[in-house]
Amino acid sequence: MIEVKDLRKGFNDKTVLNGVSAVMKAGQCNLIIGSSGSGKTVFMKCLVGLFKPDEGDIAYSGQSFTQMNTEQQKEIRKEIGMLFQGSALFSSMTVEDNVIFPLDMFTDWNRKKKMDRVNEVLNRVNLEGANKKFPAEISGGMMKRVGIARAIVLNPKYLFVDEPNSGLDPQTSGLIDKLIMEITKEFNITTVINTHDMNSVMEIGDNIVYMYQGDKEWEGNNKEIIFSKNQRLNDFIFASEFLKDAKDMRQLEETGKISNERNMADLTHDDAPELVPNQESK
Amino acid sequence: MIEKILSPVGKYFMMLKGMFSMPENTKMYWKEFMHQCSEIGIGSLGIVAIISFFIGAVSAIQTAYQLTSPLIPLSTISQIVRDTVILEFAPTLVSIVLAGVVGSKIAGELGNMRVSEQIDALEIMGVNTKAYLVLPKILASIVVIPMLIVLAMILGIYGGRVAGSMSGILSNDVFDKGLREGFLPYNVFFSLIKAYTFAFILSSIPAFFGYHVEGGALEIGRASTKAVVVSCITILFADYILSALLL
């Protein structure tokens, strides 16, 4: 579990994080969402120690990360895995060398034990047989999976994922989300995901933090988000007409105004005249 | 204005200070050091050999062209070639060429790693990136570049000898006789001091510019250019200071 208390961070005169508090729970996918410039990337970089907060505290399983010296932080970092937006694979190394790197650096295991572990995690992310390929030879989705394999090879307690779906098609995005969720539950990892992707929010959002202009505006889960009365959150989530319609439909379904089958008769009910686009053409 | 100049200088020294920490895994650091020795040394061998050979050859011909008096013995040509190659051409000119070849490579490599978040990835793993990425490059340069400069001295003098005999200016025997006349071993020592100093400059300055790149591909290019320009100017400045102090 990661506890964040009153986190503040600014650059020059600009305040980016304005006292954010949140709890990232173990065994759950904790999503940080918000529009561009809301401070979610800075928030994540503060959590992993790439930025030093101006004020506030970050505690990993009760240990204050911000109070630690560099050596103590290094020890915590060995328990952290991170998947970057662009995967951040070492381009001069093969898939296998990328995944084995943390083992080479931080363990004194023999070669066979390391290779067994590498093959185990590559199998876990469905990348059997890709060992000898270079990052330039594999697709974006495969690169993300190699990134996940590298992030989990040391059995981390905490997994940070920055924009896991950027640049991926919806199908591959779904697979990556599913993989992250499975790994989180399987190994009881505290996973923190920074995303814009609304599919991810709905699919894997066990705990969602919505940030707005450096503040935590809303917190809840993927069941609650759809019924939130927070206007800023609704403006962000239902920015597209399609999702707006989907929300209206779901609310009507919940209140019994339309049936689960969502047939045309229901949709043309008096209470929901605006729901079906291009109704006339049908 | 002063802050604009002093701030990068401060950051540069902070980077150097940050390189010294207990290695996470000595084997991995050694592997990286050997890799850099090969990249910098073997990678620059060809260009250093070609440049130094032709510099020696040209200096022999141009010296002969200027020494027209029959009172000056021909062996003086080889003495001038020897001393100019050892004192200036091999250490300074080769270092300036290497600032372009090795410096831009270091800045580009680190810049690309920074922009593609590979450095962040290493930091999050708990690796001291200054120690793992920058220190082996600087140490490898300090080990390998003086070797290249010694090689450049030998090839430069040999180039002068070949050019002298091929153009009929002076025979090999006369050239060899001149090489032995008035030879000061201190010149080689001075040249090696310059070689070590320049090796440090041409690896640490590009490493600084590459490590601190912010932005994208365009900024990597800018950082490489800046790294080469600043390295060359610093090498020339250091050349002057060392000459004034030690000669």
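For every chain, the first residue of the written sequence is number 1, and numbering continues from 1 along that sequence. Here chains are named by letter from A upward and ligands by number from 1 upward, in the order in which they appear as written. Whole-chain, interface and lining totals are the exception, using all residues; otherwise, since this is a predicted model, local features are given only for residues with pLDDT of at least 70 and side-chain atom pairs are given and counted only at 80 or more.

### Quick look at the overall build of chain A
Secondary structure elements follow DSSP: runs of H or I no shorter than four residues count as helices, runs of E no shorter than two count as strands, and numbering proceeds from the N terminus. In terms of helices and strands, chain A carries 10 helices and 10 strands. The burial tally for chain A puts 37% of its 282 residues in the buried class. By definition, residues are in contact whenever their C-beta atoms, placed on the basis of the backbone, come within 7 Å of each other. A separation of at least 24 residues holds for 62% of the contacts in chain A among residues at least 6 apart in sequence. We call a residue exposed when 12 or fewer other C-beta atoms sit within 10 Å of its C-beta, buried when the count reaches 20 or more, and partly exposed for counts in between; the C-beta positions come from the backbone.

### Comments concerning the overall build of chain B
Tallying secondary structure elements over chain B gives 8 helices and 0 strands in all. Order of helices (α) and strands (β) in chain B, N terminus to C terminus: α-α-α-α-α-α-α-α. Principal-axis analysis of the C-alpha atoms gives chain B an extent of 70 × 45 × 30 Å. In chain B, 88% of the contacts between residues at least 6 apart in sequence involve partners at least 24 apart.

### Notes on the packing of helix H7 (residues 185–211) of chain B against helix H8 (residues 217–246) of chain B
Residues and elements named next belong to chain B. Interaxial angle, 0 to 180 degrees, is taken between N-to-C directions of lines fitted to C-alpha atoms, where a helix line uses only the stretch in contact. Closest axis-to-axis distance for the H7/H8 pair is 9 Å, and the angle between their directions is 155 degrees. Regarding the angle of H7 to H8, the classification is roughly antiparallel. Our pair here, H7 against H8, has a crossing hand that is right-handed. In this structure, H7 contributes Phe190, Ile193, Lys194, Thr197, Phe198, Ile201, Leu202, Ile205, Pro206, Phe209 and Gly210 to the contact, and H8 contributes Ala223, Lys226, Ala227, Val230, Ser231, Thr234, Ile235, Ala238, Asp239, Leu242 and Leu246. For the contact of H7 with H8, the per-class residue count stands at 15 nonpolar, 4 polar and 3 charged. For classification purposes, an angle smaller than 35 degrees is called roughly parallel, one larger than 145 roughly antiparallel, one from 65 to 115 roughly perpendicular, and anything else oblique. Whether a crossing is left-handed or right-handed is set by the direction in which the near helix is turned from the far one by less than a right angle, anticlockwise for left-handed and clockwise for right-handed. Put simply, Ala, Val, Leu, Ile, Met, Phe, Trp, Tyr, Cys and Pro go in the nonpolar bin, Asp, Glu, Lys and Arg in the charged bin, and everything else, Gly too, in the polar bin.

### Some words on the interface of chain B and chain A
Taken together, the contacts link 13 residues of chain B with 15 residues of chain A. The leading source of residues in the side of chain B that touches chain A is helix H4 (residues 118–125) of chain B, at 6 residues. Taken together, the residues that form the side of chain B that touches chain A break down as 5 nonpolar, 4 polar and 4 charged.

### As for unusual backbone geometry
All names here are of chain A. Positive phi, normally seen in glycine, also occurs at Ser61, with a value near 45 degrees. Relative to the assigned elements, Ser61 resides in the loop between strand S4 (55–60) and strand S5 (63–64). The phi dihedral of Ser87 falls on the positive side, at around 75 degrees, and the residue is not glycine. Mapped onto the elements of the fold, Ser87 is located in the loop between strand S6 (80–83) and helix H3 (95–106).

### Structural notes on the confidence of the model for chain A
Residues and elements named next belong to chain A. Per-residue confidence from the predictor is reported as pLDDT, which spans 0 to 100. Confidence along chain A averages 84 in pLDDT terms, with 85% of residues attaining 70 or more. Taken element by element, the predicted model of chain A shows its lowest mean pLDDT in helix H10 (residues 264–267) (44) and its highest in H3 (94). Taken together, the stretch residues 262–282 has pLDDT below 50 and engages in 17 contacts with residues farther than four places along the chain or on a different chain.

### Thoughts on the sheet that holds strand S9 (residues 207–212) of chain A
All names here are of chain A. The strand order S6-S7-S8-S3-S9-S10 describes an open sheet built from 6 strands, whose pairing is mixed. At either end of the open sheet lies a strand with only one pairing partner, and these are S6 and strand S10 (215–220). Shown here is a sheet whose adjacent strand axes are inclined to one another by a mean of 20 degrees, direction ignored. Pairing between strand S3 (residues 29–33) and strand S8 (residues 190–194): 4 bridges, direction parallel. Looking at the pairing, Leu31 lines up with Ile193 of S8. Running at roughly 150 degrees to S8, helix H1 (residues 40–48) makes contact with S3, S6, strand S7 (158–162), S8 and S9 of the sheet. Only strands that DSSP links by at least two bridges are regarded as paired with each other.

### Section: the environment of B:Val97
Residue and element names in this part refer to chain B. The residue Val97 is located in helix H3 (residues 75–115) in this model. Residue classification places Val97 among the buried residues on the basis of 20 C-beta atoms within 10 Å. When the C-alpha positions of Val97 and Ile51 are compared, they lie 8.8 Å apart, and in sequence the two are 46 residues distant. Val97 has contacts with Ile47 and Ile51, leaving out every residue within four places of it along the chain.

### Some details on the sheet that holds strand S1 (residues 2–11) of chain A
All names here are of chain A. On the basis of which strands lie adjacent, the open sheet formed by 4 strands has the order S2-S1-S4-S5 and antiparallel pairing. With one partner strand each, in any of the chains shown, strand S2 (14–24) and S5 form the two edges of the open sheet. Alignment of S4 against S5, held across 2 bridges, turns out to be antiparallel. Within S5, the position partnered with Tyr60 by the bridge is Gln63. Strands S1, S2 and S4 of the sheet are contacted by H1, whose axis makes an angle of about 60 degrees with S2.

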